[in-house]
Amino acid sequence: MREEAPEFSHDGFHCVSPIELDSKSLGCQTTTIVGEKIFVVGGPDDGEGSCLSVRVFDKSTGKWSVPTILGTKPLPCKGHSAVLLNNDRILILKQDALPDDCTWFLEVDSPFVRDQKKILETEVVAWSKGVKGDGLKPVVISGPSGVGKGTLISKLMNEFPHTFGFSVSHTTRAPRKKEKHGVHYHFTDQITMEKDIREGKFLESAQVHGNLYGTSIEAVEAVTDSGKRCILDIDVQGARSVKASLLDVMSIFICPPSYEDLEKRLRARGTETEEQVQKRLRNATAELEQGKSSGLFDHILVNDDLETCYQNLKTILGLNESSDASNQTSMEGVECSTFQSLTEKNQKVLIHYNSNSLESKTLFVLDVSSLKGGAPGRTRGLSVYAINPFTYSTKGILGNNKEINC
Ligand SMILES: Nc1nc2c(ncn2[C@@H]2O[C@H](COP(=O)(O)OP(=O)(O)O)[C@@H](O)[C@H]2O)c(=O)[nH]1
Ligand SMILES: Nc1ncnc2c1ncn2[C@@H]1O[C@H](COP(=O)(O)OP(=O)(O)O)[C@@H](O)[C@H]1O
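Note that the coordinates shown come from a computational prediction; the quantities given were computed from them, not determined experimentally.

Engineer: How should I be thinking about the layout of surface pockets in this particular structure?
Structural biologist: Picture a little ball the size of a water molecule; that probe, rolled over the atoms, points out where space is still empty. Of the voids in this model, the largest pocket is the one considered here, and its volume is about 1,100 Å³. Along the walls of the largest pocket sit 39 residues, with Gly150, Arg176, Tyr185, Asp233 and Arg269 positioned nearest its centre. Put simply, the parts of the chain that give the lining of the largest pocket at least two residues each are helix H3 (149–159), strand E16 (202–208), strand E17 (211–216), helix H7 (259–269) and helix H8 (274–293). Residues belonging to the lining of the largest pocket are distributed by class as follows: 13 nonpolar, 13 polar and 13 charged. Every residue lining the second largest pocket is counted, 18 residues in all, and those nearest its centre are Gly71, Lys201, Ser216, Ile217 and Glu218. When contributions to the lining of the second largest pocket are tallied by element, the ones reaching two or more residues are strand E7 (68–70) and helix H5 (217–225). Here the lining of the second largest pocket gets four residues from one element, more than from any other, and that element is H5. Within the lining of the second largest pocket, the residues separate by chemical class into six nonpolar, seven polar and five charged.

Engineer: Looking at this model, I keep getting lost on the packing of aromatic side chains. Mind explaining?
Structural biologist: For any two aromatic rings, the description comes down to two numbers: the centre-to-centre distance and the angle of the planes. This structure, assessed with the given rule, holds six aromatic pairs. For the pair phenylalanine 57 and tryptophan 64, a centre-to-centre distance of 5.3 Å together with 55 degrees between the ring planes defines the contact as tilted. Here the two residues phenylalanine 57 and tryptophan 64 agree in accessibility, since each one is buried. An aromatic cluster is present here, built from Tyr185, Phe187 and Tyr213 joined pairwise through their rings. When the ring centre of tyrosine 310 is taken as origin, the NZ or CZ atom of lysine 155, which lies over that ring, is 4.9 Å away.

Engineer: What should I look at first to understand the site of ligand 2 in this one?
Structural biologist: Close to ligand 2 lie 13 residues, the nearest being Gly146, Lys149, Gly150, Thr151 and Asn303. Between ligand 2 and the protein, one listed contact pairs an oxygen atom with a side-chain N or O atom of lysine 149 at 2.8 Å. Arginine 265 has a polar side-chain atom sitting 3.3 Å from a nitrogen atom of ligand 2. Summarising the interface, the protein chains cover 72% of the accessible area of ligand 2, which totals 560 Å² for the free molecule. Mapping ligand 2 onto the cavity grids shows that it belongs to the largest pocket. For the shell around ligand 2, the secondary-structure elements that each account for two or more residues are H3 and H7. Class assignment of the residues belonging to the shell around ligand 2 gives a composition of three nonpolar, six polar and four charged.

Engineer: It is not clear to me how the pattern of salt bridges should be interpreted in this structure. Could you clarify?
Structural biologist: Pairs can form between side chains of opposite charge whenever their charged atoms are close. One pass over the structure, following the stated rule, counts 21 salt bridges. With a shortest N-O distance of 3.4 Å, aspartate 196 and lysine 201 are connected by a salt bridge. Residue arginine 267 pairs with glutamate 274 through a salt bridge whose shortest N-O separation is 2.6 Å. Here arginine 267 falls in the partly exposed class, since its relative accessible area comes to 35%. Residue classification places glutamate 274 among the partly exposed residues on the basis of a relative accessible area of 43%. Three or more residues joined by partner-sharing salt bridges are found here, namely Arg173, Arg176, Glu179, Arg269, Glu272 and Arg280.

Engineer: Where do I start with the sheet that holds strand E15 (residues 185–187) in this structure?
Structural biologist: Sheets are built from strands paired through backbone hydrogen bonds, the pairs being either parallel or antiparallel. A sheet is described by the order of its strands in space; here four strands give the open sequence E15-E14-E17-E16, paired in mixed fashion. The sheet terminates laterally at E15 and E16, the two strands that pair on one side only. Going across the sheet, the axis of each strand differs from the next one's by a mean of 25 degrees, ignoring polarity. Bridging between strand E14 (residues 169–171) and E17 involves two bridges; their strand directions are antiparallel. When the bridges of E17 are listed, histidine 170 appears paired with glycine 214.

Engineer: Just to check I follow, could you spell out the side chain of arginine 280 for this structure?
Structural biologist: Note that arginine 280 resides in helix H8. Overall, arginine 280 belongs to the buried group, its relative accessible area being 8%. Contacts of arginine 280, omitting those with residues within four sequence positions, involve Ser145, Arg173, Arg176, His209, Tyr213, Leu266, Arg269 and Glu272.

Engineer: Can you walk me through the environment of glutamate 218 in this structure?
Structural biologist: Note that glutamate 218 resides in helix H5. For the pair glutamate 218 and phenylalanine 202, spaced 16 residues apart in sequence, the C-alpha to C-alpha distance is 8.1 Å.

Engineer: I would appreciate a short explanation of unusual backbone geometry in the present structure.
Structural biologist: A negative phi angle characterises most non-glycine residues, just as the trans form characterises most peptide bonds. Here alanine 375 and proline 376 are connected by a cis peptide whose omega angle stands at -5 degrees. Relative to the elements of secondary structure, proline 376 occurs in the loop between strand E24 (372–373) and strand E25 (379–387). Positive phi outside glycine occurs at asparagine 86, with the angle close to 50 degrees. Its place among the elements puts asparagine 86 in the loop between strand E8 (80–85) and strand E9 (89–94). With relative accessibility at 46%, the residue asparagine 86 sits in the partly exposed group. In this structure, glutamate 121 is a non-glycine residue whose phi angle is positive, near 50 degrees. Relative to the helices and strands, glutamate 121 resides in the loop between helix H2 (111–120) and strand E11 (124–132).

About the thresholds
- Residues numbered from 1 in each chain as written.
- Chains lettered and ligands numbered in written order.
- Predicted model: local features only at pLDDT ≥ 70, side-chain atom pairs only at ≥ 80, totals over all residues.
- Heavy atoms only, no water.
- 1 Å grid on protein atoms, 1.4 Å probe; cavity = no way out; pocket = protein on both sides within 12 Å on 5 of 7 lines; lining within 4 Å.
- Points joined across faces, edges and corners; volume = space filled by probe spheres on them.
- Helix = DSSP H or I, 4+ residues; strand = E, 2+ residues; numbered from the N terminus.
- Nonpolar A, V, L, I, M, F, W, Y, C, P; charged D, E, K, R; others polar.
- Phe/Tyr/Trp six-rings, centres within 6.5 Å; stacked < 30°, edge-to-face > 60°.
- Buried < 20%, exposed > 50% of the residue type's maximum accessible area, 1.4 Å probe, protein only.
- Lys NZ or Arg CZ within 6 Å of the ring centre and 35° of its normal.
- Near = heavy atom within 4 Å.
- Polar contact = N/O pair within 3.5 Å; in protein donor to acceptor, adjacent residues only side chain to side chain.
- Areas by Shrake-Rupley, 256 points an atom, 1.4 Å probe, with all protein chains shown as cover.
- Sits in = over half its atoms within 2 Å of the grid points.
- Salt bridge = Lys/Arg side-chain N within 4 Å of Asp/Glu carboxyl O.
- Pairing = 2+ DSSP bridges.
- Axes fitted to C-alpha atoms, helices over the stretch in contact; angles between N-to-C directions.
- Contact = heavy atoms within 4.5 Å.

See below:
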């Protein structure tokens, strides 16, 4: 599926049309046609591997463009193969990548990309890493200031360090004494943050207690890409925005046993001025009303006795004392170093190896019929299984297939 397109030129970088490229001498580049557009992934090899750059040729206007690219980008690789799925995303299989980093999706017309195109009024594509199995939904934890969200999250992360990762938000509020930049928050200023929000870098953002807070897409993807379940500590407005977004989450609202207890905890923490304490307590009334009544949250927990609340949280999250549910998302067993091309038919993608290695290798099929999630975040539901190349014929599995080579 290759088509003529004129010479691409952007910011002084020149590249011949996709049809003329010689992948051996110029590095790995794939072209994929989606309706009126041709998506070109990768470019001339600069000696450090292809950076999987993306360019788009619009057949209707005859113009090239470099789209806005959302999501965490894949690390460079020696080469890749590409195949279009569902007319809205391109499956990219990286060569010589670690097993849990070889399967990626470049969304070109998914619901998230369509939304972002409207907001940003430009060509948009989004990267999303593919993971085996259903993975686990990110967890949103909300509740009024001082209710104990941070305390509960710390306990969870200490007990299950390999399972959970914290989504580090951005905020314009000043750091507290023990808070570290990049660990508790990315501390930033209003102008920078507003610019980043306009550029589509944030999954959600809200004005809370007089400061701007927000979850960047990168913050969530950094956690999910490390194979951990993402925890977001965000306010009720943020929880509402996330629920309305395409990120599929589990949401939990934490209540205090009483308003008086909340006030006591907030004052005992001693991190806010009296004025800030008053503001947080005033806001707590509305937050509690919204949190409890709107059906916004999947679960509501009362944090009276800390240990009891923590055990209830663990039950909701499906944890028991001895299990650390990490590593559920690895793609172990998939050999990414020697494949040559992909063939797709009926939502199954066959990974072809070069003929020399075929005799000693097992073939793998990626079943993409039950994909879930996607940008922003990972694409879950990928199933991988091996087939014996000597007992199955390619045609038998896939019928008359189309093939896209690197
Ligand atoms: N919407 C949104 N709220 C956030 C985010 N990060 C933190 N918050 C919320 O902002 C509020 C104030 O947070 P913070 O200043 O750390 O105070 P604390 O909750 O009293 O520790 C809390 O309700 C947090 O859940 C974010 O990225 N987005
Ligand atoms: N169940 C509880 N009982 C008594 N104090 C608590 C409880 N949970 C948390 N705290 C205390 O309340 C204060 C506020 O908790 P924190 O986790 O900072 O709240 P949040 O993150 O929701 O603002 C902290 O000093 C914490 O030690």
